[in-house]
Amino acid sequence: MSDSFIPLSGHDLSMASVHAFQAQHQFPPAQALGEFERLVASKTGVAHAVAVSSGTAAIHLALKLAGVRPGDWVLAPTFTYVATINPIRYLGAEPILIDAEEETWNLDPGLLREAILDALKQGKRPAACLVVNTYGTPSHWGEVKALCREHGIPVIEDAAESLGAAVDRQPSGSLGDIGITSFNNNKVITCFGGGAVLLKDQQQTERVLYWATQARSALPYYEHREVGYNYRMSPLQALWGLTELPELDERVRKRRAVFQRYREELGDLITKTQHEDVGAYSNRWLSSFIFRGERALALQQHLLEQRIESRPLWNPMHHQPAFSDVKAYRNGVSDRLFRSGICLPSGHELLGSDQKKVVDSVRHFFRQVANA
Ligand SMILES: Cc1ncc(COP(=O)(O)O)c(C=O)c1O
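This structure is a prediction, so every number in the text was calculated from the model and none was measured.

**Describing helix 2 (residues 29-44)**
Stage number 1. The end-to-end C-alpha distance of helix 2 is 23 Å, a good match for the 22 Å that 16 residues give at a rise of 1.5 Å each.
Stage number 2. Every buried residue belonging to helix 2 is among Ala32, Leu33, Phe36, Glu37, Val40, Ala41, Lys43 and Thr44, and all of these are buried. The arc enclosing the buried residues of helix 2, seen along the axis, measures out at 165 degrees, which places them on a common side.
Stage number 3. In the core, the buried residues of helix 2 are packed alongside strand 1 (48-52), strand 7 (170-171), strand 8 (178-182), strand 9 (195-199), helix 8 (235-244) and helix 9 (248-265).
Stage number 4. Phi for Gly45, located one or two positions after helix 2, is positive at around 70 degrees.

**Here's the deal with the nonpolar core**
Stage number 1. By size, the foremost hydrophobic cluster in this structure holds 107 residues, and its most contacted members are Val52, Leu61, Ala62, Val74 and Val197.
Stage number 2. When residues in this core are grouped by element, the largest group, seven residues, is from helix 3 (residues 55-65).
Stage number 3. Each of domain 1 (15-247) and domain 2 (248-371) contributes no fewer than three residues to this core.
Stage number 4. Every residue in contact with Leu61, bar those within four places of it in the chain, is listed here: Val52, Val197, Val208, Trp211, Ala212 and Tyr231.

**Structural notes on the environment of Thr78**
Stage number 1. Turning to its location among the elements, Thr78 is positioned in the loop between strand 2 (73-77) and helix 4 (86-90).
Stage number 2. Spatially, the C-alpha atoms of Thr78 and Trp314 are 9.0 Å apart, while their sequence positions differ by 236 residues.
Stage number 3. Setting aside its immediate chain neighbours within four residues, Thr78 contacts Leu97, Ile98, Asp99, Pro316, Met317, His318, Ala328 and Ser334.

Calculation notes
- Residues numbered from 1 in each chain as written.
- Predicted model: local features only at pLDDT ≥ 70, side-chain atom pairs only at ≥ 80, totals over all residues.
- Helix = DSSP H or I, 4+ residues; strand = E, 2+ residues; numbered from the N terminus.
- Expected span 1.5 Å × (residues − 1).
- Buried ≥ 20, exposed ≤ 12 C-beta atoms within 10 Å, placed from the backbone.
- Arc of directions from axis to C-beta.
- Contact = placed C-beta atoms within 7 Å.
- Core = buried A, V, L, I, M, F, W, Y, C linked by C-beta atoms within 7 Å.
- Domains from an automatic or database assignment.

That's the geometry; what it means functionally is another story.
Structure below.
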(Lines give C-alpha, C1' and ligand atoms only; values in the text may rest on other atoms or scores of the structure.)
Protein backbone atom coordinates (compact mmCIF):
# COMPACT_ATOMS: atom_id res chain seq x y z
CA MET A 1 0.00 0.00 0.00
CA SER A 2 1.32 3.46 -0.86
CA ASP A 3 1.22 6.35 1.62
CA SER A 4 0.57 8.81 -1.15
CA PHE A 5 -2.61 10.77 -1.68
CA ILE A 6 -5.35 8.69 -3.34
CA PRO A 7 -7.10 10.92 -5.92
CA LEU A 8 -10.75 10.70 -6.93
CA SER A 9 -10.13 10.29 -10.64
CA GLY A 10 -7.29 12.50 -11.93
CA HIS A 11 -4.50 11.64 -14.34
CA ASP A 12 -0.88 11.81 -13.38
CA LEU A 13 1.13 14.05 -15.71
CA SER A 14 4.50 12.62 -14.72
CA MET A 15 7.71 12.99 -16.76
CA ALA A 16 7.35 9.31 -17.65
CA SER A 17 4.01 9.94 -19.29
CA VAL A 18 5.38 12.99 -21.10
CA HIS A 19 8.19 10.87 -22.53
CA ALA A 20 5.79 8.08 -23.49
CA PHE A 21 3.70 10.70 -25.23
CA GLN A 22 6.68 12.06 -27.14
CA ALA A 23 7.72 8.56 -28.18
CA GLN A 24 4.24 7.58 -29.33
CA HIS A 25 2.88 10.48 -31.29
CA GLN A 26 3.11 10.10 -35.03
CA PHE A 27 1.32 13.19 -36.24
CA PRO A 28 2.73 16.66 -36.65
CA PRO A 29 0.53 18.97 -34.55
CA ALA A 30 -1.08 20.41 -37.69
CA GLN A 31 -2.63 17.02 -38.54
CA ALA A 32 -3.41 16.04 -34.98
CA LEU A 33 -6.77 17.81 -34.72
CA GLY A 34 -8.22 16.08 -37.78
CA GLU A 35 -6.90 12.67 -36.69
CA PHE A 36 -8.20 13.16 -33.16
CA GLU A 37 -11.64 14.17 -34.44
CA ARG A 38 -11.83 11.09 -36.67
CA LEU A 39 -10.96 8.85 -33.73
CA VAL A 40 -13.42 10.60 -31.37
CA ALA A 41 -16.19 10.20 -33.99
CA SER A 42 -15.44 6.51 -34.46
CA LYS A 43 -15.31 5.82 -30.69
CA THR A 44 -18.63 7.59 -30.13
CA GLY A 45 -20.42 6.21 -33.20
CA VAL A 46 -21.09 9.53 -34.94
CA ALA A 47 -20.16 10.77 -38.41
CA HIS A 48 -18.27 13.89 -37.27
CA ALA A 49 -16.64 15.40 -34.20
CA VAL A 50 -15.50 18.99 -33.68
CA ALA A 51 -12.81 19.24 -30.98
CA VAL A 52 -13.17 22.30 -28.76
CA SER A 53 -11.57 23.81 -25.66
CA SER A 54 -13.97 22.27 -23.09
CA GLY A 55 -17.12 20.23 -22.63
CA THR A 56 -18.83 23.44 -21.49
CA ALA A 57 -17.97 25.15 -24.79
CA ALA A 58 -19.28 22.06 -26.62
CA ILE A 59 -22.64 22.35 -24.79
CA HIS A 60 -22.82 26.05 -25.64
CA LEU A 61 -22.33 25.28 -29.36
CA ALA A 62 -24.70 22.29 -29.30
CA LEU A 63 -27.48 24.43 -27.78
CA LYS A 64 -26.85 27.14 -30.37
CA LEU A 65 -27.00 24.54 -33.13
CA ALA A 66 -30.29 23.23 -31.74
CA GLY A 67 -31.60 26.77 -32.29
CA VAL A 68 -31.82 27.89 -28.64
CA ARG A 69 -32.46 31.64 -28.50
CA PRO A 70 -32.92 34.25 -25.76
CA GLY A 71 -36.10 33.60 -23.76
CA ASP A 72 -36.37 29.92 -24.82
CA TRP A 73 -36.90 27.15 -22.29
CA VAL A 74 -34.45 24.25 -22.10
CA LEU A 75 -35.15 21.05 -20.16
CA ALA A 76 -32.22 19.72 -18.13
CA PRO A 77 -31.50 17.56 -15.07
CA THR A 78 -31.16 19.23 -11.69
CA PHE A 79 -28.86 16.43 -10.48
CA THR A 80 -25.78 17.28 -12.54
CA TYR A 81 -22.61 19.35 -12.63
CA VAL A 82 -23.19 23.06 -13.17
CA ALA A 83 -21.54 22.96 -16.62
CA THR A 84 -24.67 21.31 -18.03
CA ILE A 85 -26.75 24.34 -17.06
CA ASN A 86 -24.49 27.39 -17.39
CA PRO A 87 -24.44 27.43 -21.22
CA ILE A 88 -28.26 27.68 -21.28
CA ARG A 89 -27.84 31.04 -19.58
CA TYR A 90 -24.95 32.04 -21.91
CA LEU A 91 -27.62 32.03 -24.64
CA GLY A 92 -30.11 34.02 -22.57
CA ALA A 93 -32.41 31.01 -22.28
CA GLU A 94 -34.12 29.57 -19.18
CA PRO A 95 -33.35 26.15 -17.72
CA ILE A 96 -36.33 24.05 -16.60
CA LEU A 97 -34.89 21.62 -14.05
CA ILE A 98 -36.07 18.02 -13.79
CA ASP A 99 -35.37 15.81 -10.78
CA ALA A 100 -33.76 12.37 -10.90
CA GLU A 101 -35.35 8.93 -10.70
CA GLU A 102 -34.23 6.40 -8.11
CA GLU A 103 -32.68 3.79 -10.41
CA THR A 104 -30.16 5.50 -12.68
CA TRP A 105 -30.14 8.91 -10.88
CA ASN A 106 -30.86 10.57 -14.24
CA LEU A 107 -33.85 12.52 -15.64
CA ASP A 108 -37.16 11.22 -14.27
CA PRO A 109 -39.31 10.56 -17.40
CA GLY A 110 -42.56 11.13 -15.44
CA LEU A 111 -41.46 14.61 -14.36
CA LEU A 112 -40.09 15.31 -17.83
CA ARG A 113 -43.53 14.59 -19.31
CA GLU A 114 -45.17 16.88 -16.72
CA ALA A 115 -42.73 19.69 -17.55
CA ILE A 116 -43.27 19.33 -21.31
CA LEU A 117 -47.07 19.32 -20.98
CA ASP A 118 -47.00 22.36 -18.64
CA ALA A 119 -44.80 24.23 -21.11
CA LEU A 120 -47.06 23.38 -24.04
CA LYS A 121 -50.11 24.56 -22.06
CA GLN A 122 -48.36 27.93 -21.71
CA GLY A 123 -47.72 28.00 -25.45
CA LYS A 124 -43.96 27.36 -25.07
CA ARG A 125 -42.39 24.31 -26.72
CA PRO A 126 -39.05 23.66 -24.96
CA ALA A 127 -36.25 24.42 -27.44
CA ALA A 128 -34.09 21.45 -26.37
CA CYS A 129 -33.65 18.76 -23.75
CA LEU A 130 -30.21 18.07 -22.27
CA VAL A 131 -29.78 14.46 -21.17
CA VAL A 132 -26.85 13.51 -18.92
CA ASN A 133 -25.62 10.00 -18.10
CA THR A 134 -24.63 10.86 -14.55
CA TYR A 135 -21.35 9.39 -13.33
CA GLY A 136 -21.29 7.41 -16.59
CA THR A 137 -24.53 5.45 -16.11
CA PRO A 138 -27.02 5.76 -19.00
CA SER A 139 -30.41 7.43 -18.53
CA HIS A 140 -33.72 5.74 -19.31
CA TRP A 141 -33.03 6.60 -22.95
CA GLY A 142 -36.01 4.80 -24.51
CA GLU A 143 -38.60 6.77 -22.54
CA VAL A 144 -36.80 10.12 -22.65
CA LYS A 145 -36.22 9.99 -26.40
CA ALA A 146 -39.77 8.86 -27.18
CA LEU A 147 -41.18 11.77 -25.13
CA CYS A 148 -38.96 14.34 -26.84
CA ARG A 149 -39.69 12.89 -30.30
CA GLU A 150 -43.42 12.98 -29.63
CA HIS A 151 -43.21 16.71 -28.89
CA GLY A 152 -40.58 17.69 -31.47
CA ILE A 153 -37.91 18.62 -28.91
CA PRO A 154 -34.25 18.14 -29.98
CA VAL A 155 -32.23 15.97 -27.60
CA ILE A 156 -28.66 16.95 -26.70
CA GLU A 157 -26.70 14.17 -25.05
CA ASP A 158 -24.27 15.56 -22.47
CA ALA A 159 -21.87 12.61 -22.50
CA ALA A 160 -19.16 14.53 -20.62
CA GLU A 161 -19.01 11.77 -18.00
CA SER A 162 -20.03 8.76 -20.07
CA LEU A 163 -17.44 8.23 -22.80
CA GLY A 164 -17.22 4.46 -23.32
CA ALA A 165 -20.73 3.80 -21.97
CA ALA A 166 -23.43 2.45 -24.30
CA VAL A 167 -27.09 1.55 -24.68
CA ASP A 168 -27.84 -1.60 -26.68
CA ARG A 169 -24.24 -1.38 -27.92
CA GLN A 170 -24.79 2.12 -29.29
CA PRO A 171 -21.99 4.30 -27.87
CA SER A 172 -22.74 7.18 -25.55
CA GLY A 173 -22.27 10.41 -27.47
CA SER A 174 -24.47 9.20 -30.34
CA LEU A 175 -27.67 8.64 -28.35
CA GLY A 176 -29.23 12.08 -28.88
CA ASP A 177 -29.67 14.31 -31.94
CA ILE A 178 -26.46 16.14 -31.02
CA GLY A 179 -23.84 14.91 -28.53
CA ILE A 180 -21.01 16.42 -26.55
CA THR A 181 -18.20 15.03 -24.44
CA SER A 182 -15.41 16.34 -22.22
CA PHE A 183 -11.70 15.57 -21.99
CA ASN A 184 -10.94 17.44 -18.79
CA ASN A 185 -8.43 16.12 -16.32
CA ASN A 186 -10.80 14.03 -14.21
CA LYS A 187 -12.49 12.19 -17.09
CA VAL A 188 -11.83 8.64 -18.35
CA ILE A 189 -9.88 10.07 -21.30
CA THR A 190 -8.16 13.41 -20.93
CA CYS A 191 -6.47 15.99 -23.16
CA PHE A 192 -5.71 18.01 -20.01
CA GLY A 193 -8.71 20.13 -20.95
CA GLY A 194 -10.96 19.89 -23.98
CA GLY A 195 -14.23 18.64 -25.33
CA ALA A 196 -16.01 17.74 -28.55
CA VAL A 197 -19.33 18.31 -30.29
CA LEU A 198 -20.54 15.02 -31.79
CA LEU A 199 -22.57 15.31 -34.97
CA LYS A 200 -24.40 13.24 -37.55
CA ASP A 201 -24.60 15.81 -40.32
CA GLN A 202 -21.90 17.49 -42.45
CA GLN A 203 -23.61 20.88 -42.70
CA GLN A 204 -24.12 21.04 -38.94
CA THR A 205 -20.46 20.17 -38.48
CA GLU A 206 -19.43 23.08 -40.66
CA ARG A 207 -21.64 25.47 -38.64
CA VAL A 208 -20.10 24.34 -35.35
CA LEU A 209 -16.56 24.60 -36.71
CA TYR A 210 -17.34 28.10 -37.99
CA TRP A 211 -18.67 29.33 -34.63
CA ALA A 212 -15.76 27.70 -32.78
CA THR A 213 -13.21 29.62 -34.88
CA GLN A 214 -14.49 33.19 -34.37
CA ALA A 215 -17.06 32.81 -37.18
CA ARG A 216 -14.46 33.66 -39.76
CA SER A 217 -15.70 33.48 -43.35
CA ALA A 218 -13.70 31.35 -45.79
CA LEU A 219 -12.15 34.33 -47.56
CA PRO A 220 -8.54 35.41 -48.11
CA TYR A 221 -9.13 38.38 -45.76
CA TYR A 222 -10.85 38.66 -42.34
CA GLU A 223 -14.62 38.80 -42.51
CA HIS A 224 -17.05 37.93 -39.71
CA ARG A 225 -20.77 37.93 -40.46
CA GLU A 226 -21.72 36.65 -37.00
CA VAL A 227 -20.32 36.80 -33.50
CA GLY A 228 -18.13 33.72 -32.97
CA TYR A 229 -16.08 32.10 -30.22
CA ASN A 230 -12.46 31.16 -29.70
CA TYR A 231 -13.38 27.59 -28.77
CA ARG A 232 -11.11 25.44 -30.98
CA MET A 233 -9.04 22.76 -29.23
CA SER A 234 -5.29 23.25 -29.39
CA PRO A 235 -3.41 20.76 -31.63
CA LEU A 236 -1.18 19.78 -28.70
CA GLN A 237 -4.20 18.75 -26.67
CA ALA A 238 -5.43 16.73 -29.65
CA LEU A 239 -2.03 15.06 -29.92
CA TRP A 240 -2.30 14.03 -26.29
CA GLY A 241 -5.84 12.77 -26.85
CA LEU A 242 -4.58 10.58 -29.69
CA THR A 243 -2.35 8.72 -27.27
CA GLU A 244 -5.17 8.29 -24.74
CA LEU A 245 -8.24 7.35 -26.79
CA PRO A 246 -7.06 3.88 -27.92
CA GLU A 247 -7.10 2.93 -24.22
CA LEU A 248 -10.78 3.79 -23.72
CA ASP A 249 -12.18 0.24 -23.53
CA GLU A 250 -9.45 -0.97 -21.19
CA ARG A 251 -9.91 2.01 -18.87
CA VAL A 252 -13.66 1.46 -18.73
CA ARG A 253 -13.05 -2.19 -17.91
CA LYS A 254 -10.79 -1.12 -15.03
CA ARG A 255 -13.29 1.42 -13.69
CA ARG A 256 -16.05 -1.17 -13.78
CA ALA A 257 -13.82 -3.57 -11.84
CA VAL A 258 -13.12 -0.87 -9.21
CA PHE A 259 -16.86 -0.29 -8.84
CA GLN A 260 -17.57 -4.02 -8.54
CA ARG A 261 -14.96 -4.47 -5.82
CA TYR A 262 -16.47 -1.66 -3.69
CA ARG A 263 -19.87 -3.23 -4.19
CA GLU A 264 -18.66 -6.63 -3.05
CA GLU A 265 -16.51 -5.49 -0.15
CA LEU A 266 -18.81 -2.77 1.23
CA GLY A 267 -22.13 -4.37 0.24
CA ASP A 268 -23.45 -4.56 3.82
CA LEU A 269 -22.99 -0.78 4.28
CA ILE A 270 -24.28 0.33 0.86
CA THR A 271 -28.00 0.97 0.58
CA LYS A 272 -28.09 2.10 -3.04
CA THR A 273 -26.08 2.57 -6.20
CA GLN A 274 -26.81 3.37 -9.85
CA HIS A 275 -28.66 0.69 -11.71
CA GLU A 276 -27.92 -0.23 -15.35
CA ASP A 277 -31.12 -0.57 -17.39
CA VAL A 278 -31.42 -3.72 -19.55
CA GLY A 279 -28.98 -3.15 -22.44
CA ALA A 280 -27.24 -0.23 -20.68
CA TYR A 281 -23.49 -0.34 -20.08
CA SER A 282 -22.04 2.18 -17.61
CA ASN A 283 -18.43 3.32 -17.78
CA ARG A 284 -18.57 3.73 -13.95
CA TRP A 285 -16.66 6.98 -14.31
CA LEU A 286 -17.11 7.57 -10.60
CA SER A 287 -18.04 4.77 -8.21
CA SER A 288 -20.94 6.38 -6.37
CA PHE A 289 -22.83 4.94 -3.43
CA ILE A 290 -25.45 5.73 -0.85
CA PHE A 291 -24.30 4.49 2.53
CA ARG A 292 -26.42 4.01 5.65
CA GLY A 293 -27.48 7.24 7.34
CA GLU A 294 -27.01 10.72 5.93
CA ARG A 295 -23.34 11.23 6.67
CA ALA A 296 -21.76 12.03 3.28
CA LEU A 297 -19.86 15.12 4.46
CA ALA A 298 -18.58 13.46 7.68
CA LEU A 299 -17.40 10.43 5.67
CA GLN A 300 -15.69 12.73 3.15
CA GLN A 301 -13.83 14.46 6.02
CA HIS A 302 -12.84 11.12 7.58
CA LEU A 303 -11.42 9.90 4.24
CA LEU A 304 -9.54 13.16 3.70
CA GLU A 305 -7.81 12.69 7.06
CA GLN A 306 -6.50 9.38 5.62
CA ARG A 307 -5.33 11.26 2.47
CA ILE A 308 -8.16 9.82 0.39
CA GLU A 309 -10.06 12.12 -1.96
CA SER A 310 -13.82 11.64 -2.28
CA ARG A 311 -16.75 13.88 -3.23
CA PRO A 312 -20.33 14.18 -2.10
CA LEU A 313 -22.84 13.56 -4.88
CA TRP A 314 -23.97 16.62 -6.87
CA ASN A 315 -25.67 19.36 -4.93
CA PRO A 316 -28.78 19.77 -7.15
CA MET A 317 -28.99 22.84 -9.34
CA HIS A 318 -32.25 23.93 -7.68
CA HIS A 319 -30.21 24.53 -4.50
CA GLN A 320 -27.66 26.75 -6.25
CA PRO A 321 -28.07 30.45 -5.48
CA ALA A 322 -27.23 31.20 -9.13
CA PHE A 323 -30.35 29.30 -10.21
CA SER A 324 -32.69 30.05 -7.28
CA ASP A 325 -35.23 31.68 -9.62
CA VAL A 326 -35.42 28.70 -11.98
CA LYS A 327 -38.48 26.46 -12.26
CA ALA A 328 -37.75 22.96 -10.97
CA TYR A 329 -39.86 19.80 -11.12
CA ARG A 330 -38.89 18.02 -7.91
CA ASN A 331 -39.54 14.66 -6.26
CA GLY A 332 -36.97 14.71 -3.43
CA VAL A 333 -34.63 12.13 -5.03
CA SER A 334 -31.71 14.45 -5.82
CA ASP A 335 -32.02 16.08 -2.35
CA ARG A 336 -31.65 12.64 -0.74
CA LEU A 337 -28.77 11.66 -3.04
CA PHE A 338 -26.88 14.81 -2.09
CA ARG A 339 -27.37 14.27 1.65
CA SER A 340 -26.38 10.64 1.74
CA GLY A 341 -24.17 9.76 -1.24
CA ILE A 342 -20.47 9.85 -1.98
CA CYS A 343 -18.10 9.19 -4.92
CA LEU A 344 -15.09 7.08 -3.96
CA PRO A 345 -11.69 6.98 -5.72
CA SER A 346 -12.41 5.42 -9.12
CA GLY A 347 -9.43 6.05 -11.40
CA HIS A 348 -8.11 3.43 -13.80
CA GLU A 349 -4.71 3.93 -12.13
CA LEU A 350 -6.03 3.09 -8.64
CA LEU A 351 -3.81 0.41 -7.09
CA GLY A 352 -5.49 -2.67 -5.57
CA SER A 353 -3.73 -1.93 -2.27
CA ASP A 354 -4.99 1.66 -2.31
CA GLN A 355 -8.53 0.50 -2.96
CA LYS A 356 -8.21 -1.78 0.07
CA LYS A 357 -7.17 1.27 2.12
CA VAL A 358 -10.31 3.10 0.94
CA VAL A 359 -12.50 0.10 1.85
CA ASP A 360 -10.88 -0.21 5.29
CA SER A 361 -11.28 3.53 5.94
CA VAL A 362 -14.98 3.47 5.04
CA ARG A 363 -15.47 0.48 7.38
CA HIS A 364 -13.55 2.23 10.15
CA PHE A 365 -15.81 5.30 9.80
CA PHE A 366 -18.99 3.24 10.17
CA ARG A 367 -17.55 1.32 13.17
CA GLN A 368 -16.86 4.67 14.87
CA VAL A 369 -20.40 5.83 14.09
CA ALA A 370 -21.85 2.61 15.52
CA ASN A 371 -19.80 2.98 18.74
CA ALA A 372 -20.54 6.67 19.22
C1 LIG B 1 -22.13 16.46 -16.83
C2 LIG B 1 -21.04 17.39 -17.26
N3 LIG B 1 -21.30 18.25 -18.27
C4 LIG B 1 -20.37 19.08 -18.72
C5 LIG B 1 -19.09 19.11 -18.19
C6 LIG B 1 -18.14 20.14 -18.70
O7 LIG B 1 -16.95 19.66 -19.17
P8 LIG B 1 -15.62 20.57 -19.09
O9 LIG B 1 -15.11 20.52 -17.70
O10 LIG B 1 -14.73 19.94 -20.10
O11 LIG B 1 -16.02 21.97 -19.49
C12 LIG B 1 -18.78 18.21 -17.15
C13 LIG B 1 -17.43 18.10 -16.55
O14 LIG B 1 -16.74 18.90 -16.15
C15 LIG B 1 -19.77 17.35 -16.66
O16 LIG B 1 -19.52 16.52 -15.65
